[in-house]
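# Chains, contacts and geometry: an overview
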Amino acid sequence: MELKIKNLSNNPLPKYESEQAAGMDIRCNIDSPVTLQPMERKLFPTGLYIELPIGYEAQIRPRSGLALKRGITVLNTPGTIDADYRGEIGVILINLSNEAQTIEPGERICQMVIAQHEQACVKEVVTLSETERGTGGFGHSGGF
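Rules and cut-offs
- Residues numbered from 1 in each chain as written.
- Predicted model: local features only at pLDDT ≥ 70, side-chain atom pairs only at ≥ 80, totals over all residues.
- Heavy atoms only, no water.
- Helix = DSSP H or I, 4+ residues; strand = E, 2+ residues; numbered from the N terminus.
- Rg over C-alpha atoms; globule rule 2.2 N^0.38 Å.
- Buried < 20%, exposed > 50% of the residue type's maximum accessible area, 1.4 Å probe, protein only.
- Contact = heavy atoms within 4.5 Å.
- Areas by Shrake-Rupley, 256 points an atom, 1.4 Å probe, with all protein chains shown as cover.
- Lys, Arg positive; Asp, Glu negative; His and termini not counted.
- Charge placed at Lys NZ, Arg CZ, Asp CG, Glu CD.

Turning to the overall build of the chain, a few remarks are in order. Along the chain, the regular secondary structure elements total one helix and twelve strands. Ordered by position in the sequence, the α and β elements of the chain form the string β-β-β-β-β-β-β-α-β-β-β-β-β. Here the chain has a C-alpha radius of gyration of 19 Å; the compact-globule value for 144 residues is 15 Å, and the former is much larger. Split into buried and exposed, the 144 residues of the chain put 33% on the buried side. Taking the contacts inside the chain whose residues are at least 6 apart along the sequence as the reference set, 69% of them involve residues at least 24 apart. Carbon together with sulfur atoms contributes 49% to the accessible area of the chain, which is approximately 9900 Å² in total. For the chain, the distance from the average position of its 14 positive side-chain charges to the average position of its 18 negative side-chain charges is 4 Å.

All we've got here are geometric facts, nothing functional implied.
Structure below.
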């Protein structure tokens, strides 16, 4: 599939960092460093605008290294960019660490995964089919 990107940032186009990577790294488009205090969240611009084919979405996800090493993650993960959205991609980061963390201009702040999807035809019913699991939910399989 082809992903059309308009790049109004000072950064290179997003790219996959390995041959079999699912996500491409996205960089922030800021002019000077931005410090996030503990539990502080901010919207970071990317300078990127995309055109997805119908039936696809872009998912914005955290970078594992930022999360593990610095406690920085994407707040509304995964963020969804719909095929009909043409605005700038913005990324909401939050600092979950106990120390201030500084984001540098051009730093890789998240990854973007392109995924195919379908829209469901919603049908209201009175009953649902029975399954062995039934209504067993949180902790049902011994996970808690």
